[in-house]
Protein chains: 2
Amino acid sequence: MSDSAKMLTLRPIDRKHQGAMPDATTNASLALSPKHPGPAVVEIDERLFVASVGKAMKVLETFDKTTASLSLSDIAIRTGLGRSASQRFIYTLERLGYLDRDEQTKRYTLAKKVFRFAQSVVSSNTALDAAYPAMRELAEQTRETISWVEVDRADIVIIATIASTHISSINLPIGTRFPALSSSSGQVLLGHSAPAHIEKVWNASHESVPMRTQAKNAAEMMRILEAVKAEGFAVTEKNMEQGSISVSAAVHDRAGRAVGAINLSTLTTRFERPAAIRDLAPLVAAAAARATETLSA
Amino acid sequence: MSDSAKMLTLRPIDRKHQGAMPDATTNASLALSPKHPGPAVVEIDERLFVASVGKAMKVLETFDKTTASLSLSDIAIRTGLGRSASQRFIYTLERLGYLDRDEQTKRYTLAKKVFRFAQSVVSSNTALDAAYPAMRELAEQTRETISWVEVDRADIVIIATIASTHISSINLPIGTRFPALSSSSGQVLLGHSAPAHIEKVWNASHESVPMRTQAKNAAEMMRILEAVKAEGFAVTEKNMEQGSISVSAAVHDRAGRAVGAINLSTLTTRFERPAAIRDLAPLVAAAAARATETLSA
């Protein structure tokens with residue numbers, strides 16, 4: 001689903017905070033941590049690293065949620081690769097079927113071929129399979145946006161979504177990312193992690209996390225996660241034009257690992273926090289419990 | 001959603017018939033047409049084509065719907081790149097965040113980062129936005145698998161899907177491809193194309209298309225598409241362990257272009273063809289009409 005006049009869109013975190021590769025193509029270190037780059041810098045072995053592949057991926061990554069089409073000049077400027085190099089990568093990616101060119105506007109868009117990668121990831125997801133019937137039931141009960149969410153490093157990623165049928169709703173297309181520690185789904189998923197892992201995620205988190213969670217350090221964050229774990233669900237709010245509110249519960253596999261979360265996102269115009277906790281959280285927790293039962297059966 | 005014991009999976013067409021690049025990285029021509037390679041061969045300008053990018057994409061493409069994880073040896077064999085080159089591309093893609101490595105099994109999987117590409121394509125899809133409420137209503141009416149489908153060259157691609165809540169159902173994850181001319185959604189979408197375009201698609205189609213459509217040539221195919229156009233919907237069947245049956249209707253934009261199709265897929269154990277035409281086709285056609293109205297409003 002996408003931005004339209006009727007839908008609000010949560011703003012995903014900046015590209016450069018997504019564990020992407022701002023400098024990977026031009027120098028030999030990959031900054032994985034925007035807040036504390038020191039410990040998280042990953043050295044690149046230049047004998048093994050194929051720089052042109054990094055540049056090509058940079059061209060593909062230039063197309064984001066808010067940018068459907070780009071001209072050669074746009075790409076050259078945004079990637080910093082220059083016009084001549086950009087032209088070679090665009091030509092290559094177009095020939096390989098990853099970019100489409102509009103003959104009239106001479107602008108480029110990502111081709112539908114990029115979907116095959118998402119297909120590969122989703123197709124082998126047995127946890128999502130097990131959770132889907134419960135998610136669909138929850139969608140029919142509430143008519144709200146229901147998503148399957150997993151943790152990826154310091155972010156959460158929307159892996160599957162059933163959009164709301166309300167006229168105004170939260171729009172969460174697959175692939176959308178948010179910082180894990182300030183997201184309800186990240187909190188229920190990380191609540192089950194070892195302290196050392198939580199500290200690592202805290203150190204690698206987006207700078208908005210302390211402000212949004214009101215935790216000043218990793219120890220305070222752990223106390224928040226402990227409370228979430230005891231509760232069995234998490235509720236977080238975002239202030240936008242209209243406020244959004246998000247309720248999540250974790251799904252566990254047979255080994256007890258939290259493999260993903262079921263998330264319900266709605267607007268504070270429909271549910272203020274107390275109403276979300278009273279009316280929505282039990283439904284979300286019940287859906288996650290059903291999914292856990294299916295997955296561990 | 002993915003393969004599970006309870007779900008049937010339609011087999012997507014072979015990788016090498018997906019308009020992929022079997023030879024693009026090793027020689028200078030891209031065969032886009034498996035049936036009639038002559039006219040559809042695209043020349044590659046080797047001064048512009050960056051061969052290493054083709055090889056890296058080949059590594060990513062090796063992970064498909066049925067292959068969640070691969071070892072270095074698997075990748076070397078499947079891509080034909082050899083062990084040493086494979087290692088460099090794997091290293092590069094892992095550093096860029098596109099591959100994950102399991103420390104225990106030493107096997108690789110596609111990382112969740114690949115989702116950002118799908119997000120970019122889906123987020124800017126105003127037709128899907130307009131169609132989604134009608135799709136969700138259709139899903140609630142029928143409990144069957146409902147998809148948004150678009151044409152990409154000679155294939156159709158599943159862009160969004162709402163999975164069935166039935167225990168046995170057709171599993172159509174996003175990114176799934178089928179030859180357009182033998183798919184109900186391809187038939188409703190191409191029924192509105194110019195004869196010259198249909199002939200081009202016929203020539204580029206997978207070899208299964210004549211058998212499945214029982215059309216011997218492009219002219220016969222056009223008569224089938226004319227009939228579909230007159231009907232307002234298409235119904236196709238596939239023989240699998242259990243038979244599947246698929247009903248589609250096209251959604252049009254303000255300019256009258258068929259921009260996508262709403263597809264319902266079910267099993268012949270629930271709906272034989274006459275029942276599908278009587279009970280399902282009117283619902284699918286009504287959903288597409290509502291989506292068309294929203295899109296052209």
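Predicted, not measured: the structure shown is a model, and the values here were computed from it. (Residues numbered from 1 in each chain as written. Chains lettered and ligands numbered in written order. Predicted model: local features only at pLDDT ≥ 70, side-chain atom pairs only at ≥ 80, totals over all residues. Heavy atoms only, no water.)

Some thoughts on the overall build of chain A
Turning to step 1, where the next piece is worked out: Broken down by element type, chain A carries eleven helices and twelve strands.
Turning to step 2, where the next piece is worked out: Each of the 297 residues in chain A was classed as buried or not, and the buried ones make up 57%.
Turning to step 3, where the next piece is worked out: If you take every contact in chain A between residues at least 6 apart in sequence, the share linking residues at least 24 apart comes to 58%.
Turning to step 4, where the next piece is worked out: Of the roughly 12,000 Å² of accessible surface on chain A, a fraction of 51% belongs to carbon and sulfur atoms. (Helix = DSSP H or I, 4+ residues; strand = E, 2+ residues; numbered from the N terminus. Buried < 20%, exposed > 50% of the residue type's maximum accessible area, 1.4 Å probe, protein only. Contact = heavy atoms within 4.5 Å. Areas by Shrake-Rupley, 256 points an atom, 1.4 Å probe, with all protein chains shown as cover.)

Considering the pairing of strand β7 (residues 155–162) of chain B
All names here are of chain B.
Turning to step 1, where the next piece is worked out: Across the eight residues that make up β7, a large majority, eight, are buried.
Turning to step 2, where the next piece is worked out: Examined bridge by bridge, strand β6 (residues 145–152) and β7 share seven bridges and lie antiparallel to one another. Paired with Asp152 across the two strands is Asp155, which belongs to β7.
Turning to step 3, where the next piece is worked out: In this structure, β7 lies alongside strand β9 (residues 177–179), joined through three bridges in antiparallel fashion. Looking across to β9, one finds that Val157 is bridged to Arg177. (Pairing = 2+ DSSP bridges.)

Some words on helix α5 (residues 115–123) of chain B
Turning to step 1, where the next piece is worked out: Burial analysis of α5(B) places nine of its nine residues in the buried class, which makes it a mostly covered element.
Turning to step 2, where the next piece is worked out: Buried within α5(B) are the following residues: B:Phe115, B:Arg116, B:Phe117, B:Ala118, B:Gln119, B:Ser120, B:Val121, B:Val122 and B:Ser123.
Turning to step 3, where the next piece is worked out: The inward-facing, buried residues of α5(B) contact α2 (51–61), β5 (108–110), α5 (115–123) and β7 (155–162) of chain A together with α6 (126–142) and β7 of chain B.

Observations concerning the packing of helix α3 (residues 72–79) of chain B against helix α4 (residues 83–95) of chain B
Residues and elements named next belong to chain B.
Turning to step 1, where the next piece is worked out: Put simply, α3 and α4 touch, their axes get as near as 9 Å, and they point 115 degrees apart. Relative to α4, the element α3 is oriented roughly perpendicular. In terms of crossing hand, the pair formed by α3 and α4 is right-handed. Mapping the contact onto sequence places Leu72, Ser73, Ile75, Ala76 and Thr79 in α3 and Arg83, Ser86, Gln87 and Ile90 in α4.
Turning to step 2, where the next piece is worked out: Residue composition of the contact of α3 with α4, grouped by class: four nonpolar, four polar and one charged. (Axes fitted to C-alpha atoms, helices over the stretch in contact; angles between N-to-C directions. Parallel < 35°, antiparallel > 145°, perpendicular 65-115°, else oblique. Left-handed = near helix turned anticlockwise from the far one by under 90°. Nonpolar A, V, L, I, M, F, W, Y, C, P; charged D, E, K, R; others polar.)

Digging into the sheet that holds β7(A)
Residue and element names in this part refer to chain A.
Turning to step 1, where the next piece is worked out: Taken in spatial order, the six strands make up an open sheet running β9-β7-β6-β12-β11-β10, and their pairing is antiparallel. Each edge of the sheet is formed by a strand with only one pairing partner; in this case those strands are β9 (177–179) and β10 (234–238). Across the sheet, the axes of successive neighbouring strands diverge by a mean angle of 30 degrees, strand direction being ignored.
Turning to step 2, where the next piece is worked out: Packed onto the sheet, helix α6 (residues 126–142) meets β6 (145–152), β7 and β12 (258–267) and runs at close to 145 degrees relative to β6.

Things to note about the relation of the copies chain A and chain B
Turning to step 1, where the next piece is worked out: Of the transformation placing chain A onto chain B, the axial shift is 0.0 Å and the rotation is 180 degrees, giving an RMSD of 0.0 Å. One copy is carried onto the other by what is essentially a two-fold rotation axis. Residues of chain A ranked by C-alpha distance from the rotation axis are headed by A:Val53, positioned 2.6 Å from it.
Turning to step 2, where the next piece is worked out: Of the residues that chain A buries at the interface, 100% are likewise interface residues in chain B, meaning the two copies contact each other through the same surface. (Least-squares fit on C-alpha atoms with pLDDT ≥ 70 in both.)

Details of the side chain of B:His252
Turning to step 1, where the next piece is worked out: Structurally, the position occupied by B:His252 is in strand β11 (residues 244–252).
Turning to step 2, where the next piece is worked out: Here B:His252 falls in the buried class, since its relative accessible area comes to 18%.

Some remarks on the side chain of B:Ser52
Turning to step 1, where the next piece is worked out: Examined against the element boundaries, B:Ser52 turns out to sit in helix α2 (residues 51–61).
Turning to step 2, where the next piece is worked out: For B:Ser52, a relative accessible area of 18% gives the class buried.
Turning to step 3, where the next piece is worked out: A polar contact is formed between the side chain of B:Ser52 and the side chain of A:Ser52, at a distance of 2.5 Å.
Turning to step 4, where the next piece is worked out: Discounting residues that sit within four places of it in the chain, B:Ser52 has contacts with A:Val50, A:Ser52, A:Val53 and B:Phe89. (Polar contact = N/O pair within 3.5 Å; in protein donor to acceptor, adjacent residues only side chain to side chain.)

Some thoughts on the interface of chain A and chain B
Turning to step 1, where the next piece is worked out: Taken together, the contacts link 85 residues of chain A with 85 residues of chain B.
Turning to step 2, where the next piece is worked out: Taken together, the two surfaces of chain A and chain B that pack against each other cover about 7,300 Å², and 63% of this comes from carbon and sulfur.
Turning to step 3, where the next piece is worked out: For the chain A face of the interface with chain B, the top three residues by lost area are A:Lys112, A:Phe115 and A:Arg136, together amounting to 10%.
Turning to step 4, where the next piece is worked out: Counting the contacts that link chain A with chain B gives six salt bridges.
Turning to step 5, where the next piece is worked out: With a shortest N-O distance of 3.6 Å, B:Lys112 and A:Glu150 are connected by a salt bridge.
Turning to step 6, where the next piece is worked out: At the junction of chain A and chain B, the tally comes to 22 residue pairs in polar contact (both at pLDDT 80 or more).
Turning to step 7, where the next piece is worked out: Among the secondary structure elements, those contributing two or more residues to the side of chain A that touches chain B are β3 (41–43), α2, α4 (83–95), α5, α6, β6 and β7 of chain A. (Buried area = accessible area lost by both parts, 1.4 Å probe. Salt bridge = Lys/Arg side-chain N within 4 Å of Asp/Glu carboxyl O.)

Some details on the pattern of salt bridges
Turning to step 1, where the next piece is worked out: Per the stated rule, a full pass over the model turns up 30 salt bridges over all chains.
Turning to step 2, where the next piece is worked out: As a salt-bridge pair, A:Asp152 and A:Arg177 come within 2.7 Å of each other at their nearest N and O atoms. On the criterion of sequence distance, the pair formed by A:Asp152 in strand β6 and A:Arg177 in strand β9 is long-range, its members being 25 residues apart. For the pair A:Asp152 and A:Arg177, one class covers both residues: buried.
Turning to step 3, where the next piece is worked out: Between B:Asp155 and B:Arg177 there is a salt bridge, with its nearest N and O atoms 3.2 Å apart. Here the residue B:Asp155 occupies a position in strand β7, and B:Arg177 occupies one in strand β9, the gap between them amounting to 22 residues.

With respect to the packing of aromatic side chains
Geometry of an aromatic ring pair is reported as the spacing of the ring centres plus the angle between the planes.
All names here are of chain A.
Turning to step 1, where the next piece is worked out: This model, assessed by the stated rule, comprises two aromatic pairs over all chains.
Turning to step 2, where the next piece is worked out: Judged by centre distance (5.8 Å) and plane angle (5 degrees), the rings of Tyr98 and Phe117 are stacked. You can see Tyr98 sitting in the loop between α4 and β4 (99–101) and its partner Phe117 sitting in helix α5, a full 19 residues away along the chain.
Turning to step 3, where the next piece is worked out: Here the guanidinium or amino end of Lys238 rests over the ring plane of Phe178, the centre of that ring lying 4.4 Å away. (Phe/Tyr/Trp six-rings, centres within 6.5 Å; stacked < 30°, edge-to-face > 60°. Lys NZ or Arg CZ within 6 Å of the ring centre and 35° of its normal.)

Some remarks on the packing of α2(A) against α4(A)
Residue and element names in this part refer to chain A.
Turning to step 1, where the next piece is worked out: Running from N to C, α2 and α4 cross one another at 75 degrees; their axes reach a closest spacing of 10 Å. Looking at the two axes, α2 sits roughly perpendicular to α4. In this structure, α2 contributes Ser52, Lys55, Ala56, Val59 and Leu60 to the contact, and α4 contributes Phe89, Ile90 and Leu93.
Turning to step 2, where the next piece is worked out: Residues of the contact of α2 with α4, tallied by class, amount to six nonpolar, one polar and one charged.

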